[in-house]
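# Remarks on the overall topology
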Amino acid sequence: MNKLYIGNLSEHAAPSDLESIFKDNKIPAAGAFLVKTGYAFVDCPDESWALKAIEALSGKVELHGKLLEVEHSVPKRQRIRKLQIRNIPPHLQWEVLDSLLGQYGVVESCEQVNTDSETAVVNVTYSSKDQARQALDKLNGFQLENFTLKVAYIPDEMAPQQNASQQPRGRRGFGQRGSSRQGSPGSVSKQKPCDLPLRLLVPTQFVGAIIGKEGATIRNITKQTQSKIDVHRKENAGAAEKSITILSTPEGTSAACKSILEIMHKEAQDIKFTEELPLKILAHNNFVGRLIGKEGRNLKKIEQDTDTKITISPLQELTLYNPERTITVKGSVETCAKAEEEIMKKIRESYENDIASMNLQAHLIPGLNLNALGLFPPTSGMPPPTSGPPAAMTPPYPQFEQSPDQATVHLFIPALSVGAIIGKQGQHIKQLSRFAGASIKIAPAEAPDAKVRMVIITGPPEAQFKAQGRIYGKIKEENFVSPKEEVKLEAHIRVPSFAAGRVIGKGGKTVNELQNLSSAEVVVPRDQTPDENDQVVVKITGHFYACQVAQRKIQEILTQVKQHQQQRALQSGPPQSRRK
């Protein structure tokens, strides 16, 4: 990658001009400059010098009134899957970068390039040409923490030889990541990976055997597998099943699970227990759809590979207070143990993807208390599903301080989904309102054949995030969009008419930046007549995270306008009364 392409050249540019520029910037050239009309090529001694030339010259040095564009020279046949991303914020965490890159496909490797610049550079390989093309189109010029990303192809010499059948299989996100990485592209701090516990349901009559005399058996499993194991025997008194939480490495978790299965089967023989003893895994509903896969393919493959029969409890058994579903695996101890490994592998992938995505939102949505959202399962201690909410009506979600900033958002949902959002006798929408801490109302249909209905959500930012997130999720779960589609909804927020110009920005600059940042479509319709409160509508359309980013950024603009008005009022002082 030591060959450079120099574009945006004036027709008057000569090789001597480029030689002088390289010399002035102390960048050696390994050969003569090949100058064509409007562009040129040159070789650098090695890849590091080529990268230095790009960093020092591209978009920064002018020749005959034109800014030079300097990139790696990549033959068209080698513009396949490999990209170089430059100008990455130096303190950005890897999880955030992973999430951003993973939005456009399966990333096979992502390796940091050593440079002298203050910002970071990575080389990324996607699993397909289309994914790389999409990432290039979306990320080049993308604003991330006030840094503008620069993305370009780098040669992909191996791509033409790679057979399609040899393509690495991976999830949308990250597969093999190349060399191990630490902390953030610009730091050396090691990040500890997130751990998701395995949660099991076991018949209450086997709990004693699992624990053992004075806890000896469970201590032995804990020691051998290096796991933390909690048997929640005191919860749900009188219940036929108790939950067990196992926290360890994936290997340790699977070993502990197998040991518990073996103990249960031995105890069943000793007490002449004749019923089938399946493995029951509890999983948060957020992850179950991805475990099942399109048309059930993931689950069918696990069944075939492990020679087991797997069923999952229906959505109807869920409540907002107990969002776990029961995965029942039938087979021998050996086959059930193998199935557990595959099931938890899929669930961990989903969990890591979601955590990374939420970390990205923490950067994009300032001030959002992610720990308070209740969108992820707790690491331990949640009771197994029951038919109703806990006695005190207190949901097992972290609580958060209510923000004084109340906002009203009108969210437009498919008319056919209204019944699912309301639930039987209004139970679902009531639970959702309590869970989110927001007022949620569904407006009457504007016409008998209306295709969309308006949901009116009033509450502070965290409540809006939780309520809208669950509504998006419910529409996806109930298949009101096709499996291939993302749920994209339209949201309306009202802003003071005098602040609409600030949302649009000079020449549409602010609204364009807002769309680039959030990936949502943001429209302030022209020629609106302000309502009785002197407000106009801003329309936001996109997937959940895109809409949230756009909404929060607009609220920030409105806060700035409000503060500016207050400062002007203070500076002008109270009105003076006139003397008669």
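Bear in mind the structure is a predicted one, so any value in this text is a computation, not a measurement. (Residues numbered from 1 in each chain as written. Predicted model: local features only at pLDDT ≥ 70, side-chain atom pairs only at ≥ 80, totals over all residues. Heavy atoms only, no water.)

### Things to note about the confidence of the model for the protein chain
Note that predicted coordinates carrying low pLDDT should not be read in detail. Averaged over every residue, the pLDDT of the protein chain is 79; the share at 70 or more is 80%. In the model, residues 159-182 has pLDDT below 50 throughout and makes 58 contacts with residues more than four positions away in sequence or in other chains. (pLDDT = per-residue confidence, 0-100. Contact = heavy atoms within 4.5 Å.)

### A word on the sheet that holds strand β19 (residues 324-330)
With antiparallel pairing, six strands are arranged side by side in an open sheet as β15-β16-β14-β17-β19-β18. The sheet is open, and its two borders are formed by β15 (228-231) and β18 (309-312), each paired with just one other strand. Going across the sheet, the axis of each strand differs from the next one's by a mean of 25 degrees, ignoring polarity. The strands that helix α8 (residues 285-292) touches are β17 (279-284), β18 and β19; relative to β17, the one it contacts most, it runs at about 115 degrees. (Pairing = 2+ DSSP bridges. Helix = DSSP H or I, 4+ residues; strand = E, 2+ residues; numbered from the N terminus. Axes fitted to C-alpha atoms, helices over the stretch in contact; angles between N-to-C directions.)

### Side note on the sheet that holds strand β2 (residues 34-36)
On the basis of which strands lie adjacent, the open sheet formed by four strands has the order β2-β3-β1-β6 and antiparallel pairing. Each edge of the open sheet carries a strand with a single partner, namely β2 and β6 (69-72). Each strand axis lies, on average, 20 degrees off the axis of its neighbour in the sheet, ignoring direction. As paired strands, strand β1 (residues 3-7) and β6 are joined by four bridges and run antiparallel to one another.

### A word on unusual backbone geometry
Unlike most non-glycine residues, K26 shows phi in positive territory, near 55 degrees. Tracing the chain through its elements places K26 in the loop between α1 (15-24) and β2. Not every positive phi belongs to a glycine, and H64 is a case in point at roughly 50 degrees. Along the chain, H64 turns up in the loop between β4 (62-63) and β5 (66-67).

### Side note on the environment of D307
Its place among the elements puts D307 in the loop between α9 (297-306) and β18. Each C-alpha atom of the pair D307 and T335 lies 6.4 Å from the other, and the pair is 28 residues apart in sequence.

### Points about helix α15 (residues 509-518)
Taken as a whole, α15 has its buried residues at V511, L514, L517 and S518. When α15 is viewed along its axis, its buried side chains cluster within an angular range of 125 degrees and face the same direction. Seen from the buried face of α15, the exposed residues on the opposite side, beyond 90 degrees, are K509 and N516. Count one or two residues on from α15 and you reach S519, which has phi positive near 70 degrees. (Buried < 20%, exposed > 50% of the residue type's maximum accessible area, 1.4 Å probe, protein only. Arc of directions from axis to C-beta.)

### Comments concerning helix α13 (residues 461-477)
Taking 1.5 Å of rise per residue, 17 residues should cover 24 Å, and α13 covers 24 Å from first to last C-alpha, within 8% of that figure. For α13, the tally of buried residues reaches 14 of 17 residues, placing the bulk of the element in the interior. Backbone geometry just after α13 places N479 at a positive phi near 60 degrees. (Expected span 1.5 Å × (residues − 1).)

### Focus: the pattern of salt bridges
Using the criterion set out here, one finds 13 salt bridges in the structure. E324 is the salt-bridge partner of R199, the closest N and O atoms lying 2.8 Å from each other. In this pair, R199 sits in strand β14 (residues 198-203) while E324 sits in strand β19, placing the two residues 125 residues apart along the sequence. The exposure class assigned to R199 is buried, which follows from its relative accessible area of 4%. (Salt bridge = Lys/Arg side-chain N within 4 Å of Asp/Glu carboxyl O.)

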